[in-house]
Amino acid sequence: MVKTLYRPRIILLAIMFVLLVTFPWMYKWPIFSHFLIEFRTFQATRFAIWLIILMGLNLLTGYSGQISLGHAALVAIGAYVAAILMKEYNTPVFAAVLVAGLVTGAIGFLIGIPALRLSGPYLAIATLALIIVLPQILKHPFMVDNFHTGGVNGILLPTPHVPSSLKNNLTDDQWLYYTCMIPAIIMTTMAWSLTRSRIGRAFISLRDSEIGAQQMGINVSLYKMTAFGVCSLFAGVGGALYIYTQPYLGPSTFDILLSLTLLVMIVLGGLASIVGTICAAIIMTMRIDITNWIAAIIPAGDKLGIEQSRGALFGLLLILSIIFTPRGVAGNFEKMREANIARRRSRQERQGREKEGEPVQD
Amino acid sequence: MQQFIQQFATGLSTGSLYAILALSLVLIYRSTSIVNFAQGEMAMFTTFLAWSVLNGHAGPYWFWVAFFATLVMAMIFGALVELIALRPVESGPVLNPIIVTLGLFTLVNSLALRIWQGEPKAFPSPAIFDGAPLKIGTAVISRPNVGVFCMALLIMGLIYVFFNRTKVGLAMRATAQNRVASQLVGIRVGRMLALGWALSAMVGAVAGMLLAPTLFLSPGMMQGVLLFAFAAAVLGGLESPVGAIVGGLTVGVVQNMAGTYIGSNIDITVAFLLIIVVLLVRPHGLFGRRVMQRV
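If you're wondering where the values come from, they're calculated on a predicted model, not measured in any experiment.

Caption draft 1: Main features of the overall build of chain B. Counting secondary structure elements, chain B contains 11 helices and two strands. Starting at the N terminus and walking to the C terminus, you meet the elements of chain B as α-α-α-α-β-β-α-α-α-α-α-α-α. Relative to the globule expectation of 19 Å for 295 residues, the C-alpha radius of gyration of chain B, 19 Å, shows essentially globular dimensions. Taking the principal axes of its C-alpha atoms as reference, chain B extends roughly 60 × 50 × 35 Å. Counting across all 295 residues of chain B, residues that qualify as buried make up 51%. Taking the contacts inside chain B whose residues are at least 6 apart along the sequence as the reference set, 74% of them involve residues at least 24 apart.

Caption draft 2: Local environment of the overall build of chain A. Secondary structure summary: chain A contains 15 helices and two strands in total. Radius of gyration (C-alpha) of chain A: 23 Å, near the 21 Å computed for a compact globule of 362 residues. For the C-alpha atoms alone, the extent of chain A along its principal axes is close to 85 × 60 × 50 Å.

Caption draft 3: Geometry of helix 4 (residues 93-115) of chain A. All names here are of chain A. Helix length check: helix 4, at 23 residues, gives a terminal C-alpha distance of 32 Å against a target of 33 Å (1.5 Å per residue), a fit within 8%. Here helix 4 has its buried residues at Ala-96, Val-97, Ala-100, Gly-101, Val-103, Thr-104, Gly-105, Ile-107, Gly-108, Ile-111, Gly-112 and Ala-115. Residues of helix 4 that are buried sit in contact with helix 3 (71-89), helix 5 (120-139), helix 7 (172-195) and helix 10 (220-245).

Caption draft 4: Highlighting the interface of chain B and chain A. Tallying the contact residues gives 37 residues for chain B and 37 residues for chain A. Where the side of chain B that touches chain A is concerned, the elements lending two or more residues are helix 4 (95-116), helix 9 (221-236) and helix 11 (267-281) of chain B. Tallying contributions element by element places helix 4 of chain B first for the side of chain B that touches chain A, with 13 residues. The residue inventory of the side of chain B that touches chain A, partitioned by class, reads 26 nonpolar, 10 polar and one charged.

Caption draft 5: Representation of helix 4 of chain B within the structure. The terminal C-alpha atoms of helix 4 of chain B lie 32 Å apart, and with 22 residues this matches the ideal 32 Å at 1.5 Å per residue to within 8%. Extensive coverage of helix 4 of chain B is indicated by the burial of 17 of its 22 residues.

Caption draft 6: Representation of unusual backbone geometry in the model. Residue and element names in this part refer to chain A. Unusually for a residue other than glycine, Asn-90 sits at a positive phi of about 55°. Classification of Asn-90 as exposed rests on a count of 8 C-beta atoms within 10 Å. A positive phi angle, near 55°, is found at His-148, a position not held by glycine. You can see His-148 is positioned in the loop between helix 6 (141-147) and strand 1 (155-156).

Caption draft 7: A look at the environment of Gly352(A). Residues and elements named next belong to chain A. For Gly-352, the position within the fold is in helix 15 (residues 328-356). The exposed category is assigned to Gly-352, around which 10 C-beta atoms lie within 10 Å. Each C-alpha atom of the pair Gly-352 and Leu-130 lies 60 Å from the other, and the pair is 222 residues apart in sequence.

Caption draft 8: The packing of helix 1 (residues 2-32) of chain B against helix 9 of chain B, seen in detail. All names here are of chain B. At a closest axis distance of 8 Å, the pairing of helix 1 and helix 9 adopts a crossing angle of 65°. One way to sum up the angle between helix 1 and helix 9 is to call them roughly perpendicular. The handedness of the crossing between helix 1 and helix 9 comes out as right-handed. Here Leu-17, Tyr-18, Ala-19, Leu-21, Ala-22, Leu-25 and Val-26 of helix 1 come into contact with helix 9, specifically with Val-225, Leu-226, Phe-228, Ala-229, Phe-230, Ala-232 and Ala-233. Classifying every residue of the contact of helix 1 with helix 9 by side-chain character gives 14 nonpolar, no polar and no charged.

Caption draft 9: Molecular detail of the packing of helix 1 of chain B against helix 10 (residues 241-261) of chain B. Residue and element names in this part refer to chain B. At a closest axis distance of 6 Å, the pairing of helix 1 and helix 10 adopts a crossing angle of 145°. The handedness of the crossing between helix 1 and helix 10 is right-handed. Grouping the amino acids of the contact of helix 1 with helix 10 by side-chain chemistry returns 14 nonpolar, 13 polar and no charged.

Caption draft 10: Representation of the nonpolar core within the structure. Leu54(A), Ala82(A) and Leu23(B) are the most contacted members of the largest nonpolar core, which totals 205 residues. Looking at this core, the element that brings in the most residues is helix 8 (residues 189-215) of chain B, giving 17 residues. Filtering out sequence-adjacent residues up to four positions away, Leu23(B) remains in contact with Ala152(B), Ile155(B), Met156(B), Ile159(B), Val203(B), Pro241(B) and Ala244(B).

Caption draft 11: Quick look at the environment of Leu211(B). Residue and element names in this part refer to chain B. Inspection of the secondary structure assignment puts Leu-211 in helix 8. Taking the C-alpha atoms as reference points, Leu-211 and Gly-248, separated by 37 residues in sequence, lie 14 Å from one another. With residues up to four places along the chain from it excluded, the contact list for Leu-211 reads Leu-17 and Val-225.

Caption draft 12: The confidence of the model for chain B, seen in detail. Residues and elements named next belong to chain B. Chain-level statistics for chain B give a pLDDT mean of 87 and a share of 97% at 70 or above. Mean pLDDT across the elements of chain B ranges from a minimum in strand 1 (residues 134-136), with 76, to a maximum in helix 2 (residues 39-54), with 92. Interface confidence in the predicted complex, given as ipTM, is 0.87; pTM for the same model is 0.88.

Caption draft 13: Region of interest: the environment of Ala296(A). Note on placement: Ala296(A) falls in helix 12 (residues 274-297). Expressed as a C-alpha distance, the spacing of Ala296(A) and Thr149(A), which sit 147 residues apart in the sequence, is 42 Å.

The rules behind the values
Residues numbered from 1 in each chain as written. Chains lettered and ligands numbered in written order. Predicted model: local features only at pLDDT ≥ 70, side-chain atom pairs only at ≥ 80, totals over all residues. Helix = DSSP H or I, 4+ residues; strand = E, 2+ residues; numbered from the N terminus. Rg over C-alpha atoms; globule rule 2.2 N^0.38 Å. Buried ≥ 20, exposed ≤ 12 C-beta atoms within 10 Å, placed from the backbone. Contact = placed C-beta atoms within 7 Å. Expected span 1.5 Å × (residues − 1). Nonpolar A, V, L, I, M, F, W, Y, C, P; charged D, E, K, R; others polar. Axes fitted to C-alpha atoms, helices over the stretch in contact; angles between N-to-C directions. Parallel < 35°, antiparallel > 145°, perpendicular 65-115°, else oblique. Left-handed = near helix turned anticlockwise from the far one by under 90°. Core = buried A, V, L, I, M, F, W, Y, C linked by C-beta atoms within 7 Å. pLDDT = per-residue confidence, 0-100.

Listed below in structure tokens is the structure:
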């Protein structure tokens, strides 16, 4: 039984792994070159970064049920830590990313303390406050003098290049792809095993009933703070990678709009689901392409002025997809799987009854 | 001292702008328990409708024709939004209505930009607000700001009376608290939700028309105000109209004072820090009540 369940999954994972490893070369392959362009490698790099960032938010909001509208602020903190380390102290990129993740995680853990007393819309506004005030703090002379945040001008990093030892094998774009995709795979695996561990189950029980969780002996305060900490760790790593691939960082690089978009994306992909987060990252990366494709297939779009109202189309698509897939893309997979299991079970039951010689009704 | 009083007065008039939009947020939260991110954009859209009615017509009574026509249009608009966009997601996961309001935000904003273009337009303020600035002691306040302040108080009073003294208001409060139980005692839950959206769109329209003379009418005019209105509503406790006024004025005054005495590069930070501190002491805002939970 266990074997039949697991084998297809392992094959699927292996195929995915091979695809991810070879992706930056695919645009050169004979058939793939028809629909893949080199730009997609850059997009895939973005996908990896969004995956890490969205995974953090989904761990917090999807699994532990704590709504956060300030995720972009944590991404920004991670980006600033990494940028300052790389620029002022010449830290190598992997060390900078790691330190940025840990520092942001620690900050997030502390942000968890005021969040302990708040819930629902009150928590939402309190977290939204983070991203509202962050630009002012980054621009403040104290931060500029002591932490080299660069004020209004922000920080300009050198364009990232592939290290000279790999220069003959990789282009810059391919190097960036692997720099981001490897952490993304590692952190997705981490998130996957976390949600299936004791901590993950504690998160879920927090979401479903805080008082219930408390009565089961779960340290609610500690786990809530842990949820914020883990969420911020992911945000920090994501922010650091983002700024490595896109070497300009200003006080409003990450804004309220991004914060809200991130929340929208995890709901579209599917809350409390790893597959859902992967879908969310794909939608996040391709959101402009998707809107353009749909704009192109709308009949008489030119007359309606689709060109000038992309935003309206995006909003409309968003509302429609929430109405028709209330549990996100992953919710559909879940539904299909349940239907599959139900069908298999009824078939088994029927076979069982036939064996026992009972009349089959359906 | 004179500067202090003047800054205080300026803070109050900024605060009353926040308060009046916060009132419409409180109204919708109280009747549907949804935090509506599209509130500011809906208010902006209905103000543009008023502008279209006014456009090309002069005369003292035309303002009021446009005003009341807009209130009716806003009610229909709000009810339609609830029926079309919100009704299908109400029974789903809790986050979904919020995501739908974010979608509405983009949709309405982009539509307004498409129809009326981006450049700011002048919007007349009602004739009764005209006149020389008001002097209270040494402080000077402009007439329109006094008007906004008085309107905010009036709306607060109306909302209070509506929720606490009328049967429909009671039914709406019941709907927000427990839908199934309300349905069981014979409340038309669907109608109450649509009415909640209609009324809050109406208050939003009033807010929009009062803010437009000061902020100038443009598709982006509400975005800055909305965040502070949210902060104000949360500070006062999302359930309480009195809280919205107190919250709005507090945020306005604190922001102004911090800007004057601590530094204009840190005013927003100080205002939000205060809100967080208040929330830590009172997690449901200044006037909000704690809801008991059962397992």
